[in-house]
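Overview (structure and organization)
Residues per chain are reported as follows:
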Amino acid sequence: MGRKLLLENINVPGINTFEVYRQKGGYRAVEKALKSMSPEDVVEEVKKSGLRGRGGAGFPTGMKWSFLAKPEGKPRYLVCNGDESEPGTFKDRYLMTYIPHLLIEGMIVSSYALGANTSYIYVRGEMMPQIRILEKAIAEAKNAGLLGKNILGSGYDLELYVQPGGGAYICGEETALIESLEGKRGNPRIKPPFPAISGLYNCPTVVNNVESIAATVPIINDGADEYAKMGIGRSTGTKLISASGNLNKPGVYEIELGVSVEEFIYSDEYCGGIANGKRMKAVVAGGSSVPILPANLILKTANGENRLITYESLADGGFATGTMLGSGGFVVFDEDQCIVRNTWNYSRFYHHESCGQCSPCREGTGWMEKVLHRLEYGHGKLSDIDLLVDVSKKIEGNTICPLGDAAAWPVASAIRHFRDEFEWHVTHPDEAMQRNYGLAHYADPLPKPEGVTAN
Amino acid sequence: MLKISNTEEVIFSPELVTKFNEIVSRYPEDKQKSALLPILHLVQAEYGWISTPAMDKVAEYLDLKPIEVYEVATFYTMFFLKPQGKYVLEVCRTGPCCLVGAEKIMKYIEQKLNVKEGEVTPDGLFSWRGVECLAACGTGPVLQIGPEYTYYENLTEAKVDELIDGLRLKTAENAQMI
Ligand SMILES: Cc1cc2nc3c(=O)[nH]c(=O)nc-3n(C[C@H](O)[C@H](O)[C@H](O)COP(=O)(O)O)c2cc1C
Ligand code: SF4
Ligand code: FES
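Naming follows an unreviewed UniProt entry, where chain B appears as NAD(P)H-dependent oxidoreductase subunit E of Arcticibacter tournemirensis. Taken verbatim from the UniProt record of chain B, the Sequence similarities (unreviewed entry) comment is "Belongs to the complex I 24 kDa subunit family."

An unreviewed UniProt entry annotates chain A as NADH-quinone oxidoreductase subunit F of Arcticibacter tournemirensis. UniProt annotates chain A under Function (unreviewed entry) with the comment "NDH-1 shuttles electrons from NADH, via FMN and iron-sulfur (Fe-S) centers, to quinones in the respiratory chain." You can read under Sequence similarities (unreviewed entry) in the UniProt record for chain A the words "Belongs to the complex I 51 kDa subunit family."

When you go through chain A residue by residue, the secondary structure sums to 19 helices and 11 strands. Relative to the globule expectation of 23 Å for 455 residues, the C-alpha radius of gyration of chain A, 22 Å, shows essentially globular dimensions. Counting only residues that meet the buried cut, chain A has 62% of its 455 residues in that class. Here the contacts in chain A between residues at least 6 apart in sequence split such that 70% fall between residues at least 24 apart. With the model as given, the accessible surface of chain A reaches about 16300 Å², and the carbon-plus-sulfur share is 51%. When the 47 basic and 54 acidic side-chain charges of chain A are each reduced to a single mean position, those positions are 3 Å apart.

On to the overall build of chain B. The helix and strand inventory of chain B stands at seven helices and four strands. Each principal axis of the C-alpha distribution contributes one length, and for chain B these read about 50 × 40 × 25 Å. Looking at chain B residue by residue over its 178 residues, the buried ones come to 52%. For chain B, contacts bridging at least 24 residues in sequence account for 63% of all contacts bridging at least 6. Per element, the accessible surface of chain B, about 8500 Å² overall, is 54% carbon and sulfur. Averaging the positions of the 18 positive and the 26 negative side-chain charges in chain B gives two centres separated by 4 Å.

All names here are of chain B. Sites flagged by UniProt as "binding site: [2Fe-2S] cluster" (unreviewed entry) map to Cys92, Cys97, Cys133 and Cys137. The named residues occupy 46 residues along the chain; their greatest pairwise C-alpha distance, 8.9 Å, places them in one compact cluster. On the secondary structure map, cysteine 92 appears in strand 1 (residues 87-92). The contacts of cysteine 92, once residues within four sequence positions are left out, are Cys97, Ala102, Val131, Glu132, Cys133, Leu134 and Val142. For cysteine 97, the location among the structural elements is in helix 5 (residues 95-98).

The domain architecture assigned to chain B consists of domain 1 (14-75) and domain 2 (87-177). The centre of domain 1 of chain B, based on its C-alpha atoms, is set 28 Å off from the matching centre of domain 2 of chain B.

We now examine helix 18 (residues 403-427) of chain A. At phenylalanine 418 of chain A, helix 18 of chain A shows its strongest bend, of approximately 90 degrees. In terms of residue burial, helix 18 of chain A counts as a mostly covered element, since 20 of its 25 residues are buried.

Before going further, it helps to examine the sheet that holds strand 9 (residues 280-284) of chain A. Residue and element names in this part refer to chain A. Here we have five strands laid out as an open sheet, ordered 8-7-11-9-10, and mixed in their pairing. Every interior strand has two partners, whereas the edge strands, strand 8 (251-256) and strand 10 (292-294), have only one. Going across the sheet, the axis of each strand differs from the next one's by a mean of 30 degrees, ignoring polarity. When strand 9 meets strand 11 (residues 329-334), the two strands line up antiparallel, connected through four bridges. For methionine 280, the partnering residue across the bridge sits in strand 11 and is aspartate 334. Taken strand by strand, helix 18 contacts strand 9 and strand 10, and its axis lies near 40 degrees from that of strand 10.

Right, let's talk about the site of ligand 1 for a bit. Residue and element names in this part refer to chain A. Neighbouring residues of ligand 1: 18 residues in total, closest Gly55, Asn81, Asn208, Asn209 and Ser212. At a separation of 3.1 Å, an oxygen atom of ligand 1 approaches a polar backbone atom of glutamate 84. Note that an oxygen atom of ligand 1 is positioned 2.7 Å from one of the side-chain N or O atoms of asparagine 209. In the complex, the protein chains occlude 90% of the 610 Å² of accessible area that ligand 1 would expose alone. Of all the elements, strand 4 (residues 205-209) adds the most residues to the shell around ligand 1, at three residues. Of the residues contributing to the shell around ligand 1, the split by class is four nonpolar, eight polar and six charged.

Next up on the list: the environment of threonine 52 of chain B. All names here are of chain B. Tracing the sequence through the fold places threonine 52 in helix 3 (residues 52-62). A relative accessible area of 30% places threonine 52 in the partly exposed class. The spatial distance from the C-alpha of threonine 52 to the C-alpha of valine 91 is 27 Å, given a sequence separation of 39 residues. Apart from the residues within four sequence positions on either side, threonine 52 is in contact with Asn6 and Tyr70.

One finds Phe333 and Phe422 of chain A together with Leu40, Val43 and Val58 of chain B to be the most contacted residues of the largest nonpolar core, which totals 83 residues. For this core, the element with the highest residue contribution is helix 18 of chain A, accounting for 10 residues. The residues contacting phenylalanine 422 of chain A, other than those within four sequence positions of it, are Ile339, Val340, Thr343, Leu372, Leu375, Ile385, Ala414 and Ile415 of chain A. In terms of nonpolar packing, the next biggest core, distinct from the first, is built from 78 residues, Ala29, Ala137 and Leu147 of chain A together with Cys92 of chain B among them.

In this structure the tally under the stated criterion is 40 salt bridges over all chains. One salt bridge connects lysine 57 of chain B with glutamate 9 of chain B, and the closest N-O pair in it is separated by 3.1 Å. A residue pair is termed long-range when its members are at least 10 positions apart, and lysine 57 of chain B in helix 3 and glutamate 9 of chain B in the segment before helix 1 (14-24) qualify at 48 residues. Among the residues examined, glutamate 9 of chain B registers a relative accessible area of 57% and is labelled exposed. One salt-bridge network, in which partners are shared between bridges, spans Arg54, Lys91, Asp92, Glu211 and Lys239 of chain A.

Conventions we followed
- Residues numbered from 1 in each chain as written.
- Chains lettered and ligands numbered in written order.
- Predicted model: local features only at pLDDT ≥ 70, side-chain atom pairs only at ≥ 80, totals over all residues.
- Heavy atoms only, no water.
- UniProt positions renumbered as here; feature names shortened; annotations may be inferred.
- Helix = DSSP H or I, 4+ residues; strand = E, 2+ residues; numbered from the N terminus.
- Rg over C-alpha atoms; globule rule 2.2 N^0.38 Å.
- Buried < 20%, exposed > 50% of the residue type's maximum accessible area, 1.4 Å probe, protein only.
- Contact = heavy atoms within 4.5 Å.
- Areas by Shrake-Rupley, 256 points an atom, 1.4 Å probe, with all protein chains shown as cover.
- Lys, Arg positive; Asp, Glu negative; His and termini not counted.
- Charge placed at Lys NZ, Arg CZ, Asp CG, Glu CD.
- Domains from an automatic or database assignment.
- Bend = angle between axes of the 7 residues up to and from the residue.
- Pairing = 2+ DSSP bridges.
- Axes fitted to C-alpha atoms, helices over the stretch in contact; angles between N-to-C directions.
- Near = heavy atom within 4 Å.
- Polar contact = N/O pair within 3.5 Å; in protein donor to acceptor, adjacent residues only side chain to side chain.
- Nonpolar A, V, L, I, M, F, W, Y, C, P; charged D, E, K, R; others polar.
- Core = buried A, V, L, I, M, F, W, Y, C linked by side-chain atoms within 4.5 Å.
- Salt bridge = Lys/Arg side-chain N within 4 Å of Asp/Glu carboxyl O.

Spelled out as structure tokens, the structure:
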């Protein structure tokens, strides 16, 4: 069994309560940080740990913290991103449900490091049950003197609140989240200024994912060096992977970064292989926004090396033959799944969730949805396939926020790796309505890395 | 749950206003607009949906222009701007759940309730709709029911039967008690 840092005690009965969490060594990180470390020490420790943001972009957390402006007379804010709306991702909901105090503890330590006296956990409104769980945990912590005024006699004050969203994927984007927390529509802001300079109520703000905040607890408890010993290279520590789709054992797994994709999908310690004795067709490795890869390319890089679950290995080969770790949402497709239908479903999702501020995203996602719909339902033309590639290129990089890219990449990559399946939908419209294309001979033989350009 | 029409004036109960006040206290002075989403959730939980007079009252309470409330209420998909069934079944329709049969479950619900997406059953008890990924993809297919937004996971047709029939029975029993 791999070592666990976040979910080590997840099966301890009552770990969701303050008493049991405390008995198991909970809130030691708060004591250590507030009693024996300066805020700068905490920032330095997180920097040294190599922790990278677990929300999707993988930006080093300590570095992000060190960018926070500290003008006189202005409050600073820490906002935890519990929006978790990226299809295929459900680790934050799991963590908040079963071990809520880990997040509360992380929020206290991180708020202290940043000098924030009021912090918010923004949780999507659909997770009302988790909002209640967190509110209860906050009340318990406050009761024990770990929140509120003069925490543990350190002179440090912190109030912590949970804020519900209203059902909008875009509010996971950090500036849209800030707008939403201010009581507005979730329209992403144009950057710069970055939230570190001007965020919530135009004050310096850090937005961090639930898992990133939770990871500060073992980092402070055991020290940055211990944390950085786990993982490979610039992918340090552990990562929560949400595994879904056609697996024997879908669920949330904490892995040490560097486990091979093959081991993760097929070993009994993790997902236990493909359900119903079927074969694997494709995997989306980092939540719906990242490029989809056919089975052969997710297991091995184009150079024939084993693909590992690290930021670097999953990205190996760029967009031609690689993908991204993203939020760690592993969606696994068996041989009976239709790539065209799935791509249409994702496009429908992004069109529905586009905030509508930029025309390439607003119009482009709608256009892609329409074209994919007609391909799926047997009314497509061969030229539609290149049209989709063209539209996706026009969206990519031309929008205010990365939702545009997130909508473009799944389409571009599905066509890159499964073009024959799209063509088959055009040439065999009736058959395509009756049965699926199956495994056929996609992406075979392996493309040579230098022979393929991104897009 | 109180029944209201879209022309009826809404008067928030003192208990509800107490809850509003607590929420407003979470934000710095003059930033009471931040309370808008949590308050809209409370209003919806009270009335089952959010009528125009209710939005106007929220605007008055938070010292906002009514348009500031309308534009927010229309942006977020969780807020219902017309009356719904007593129980709204919100089924995830996004990719990962479709890999494990979400489309079949939606069809089954449509057949069983015999109403189209967004419509209310004649007895006023149910409506249903597809929603996007609910962060429960590992236990899909999944649906949830407000105002508590309880999750029902690993759905099968039998589980849907059990859920809907159970809610019907509960309502019938409650009606008898009155
Ligand atoms: C469309 C969109 C949706 C996003 N959704 C989420 C989300 O649900 N949760 C999350 O933590 N980050 C999400 N992000 C990333 C955030 O903008 C931000 O980078 C992140 O919360 C930073 O936290 P981290 O550095 O700890 O990862 C999203 C970004 C985009 C563009
Ligand atoms: S890219 Fe799309 S979601 Fe992002 S700001 Fe533009 S329109 Fe809105
Ligand atoms: S796709 Fe249905 S819960 Fe995520």
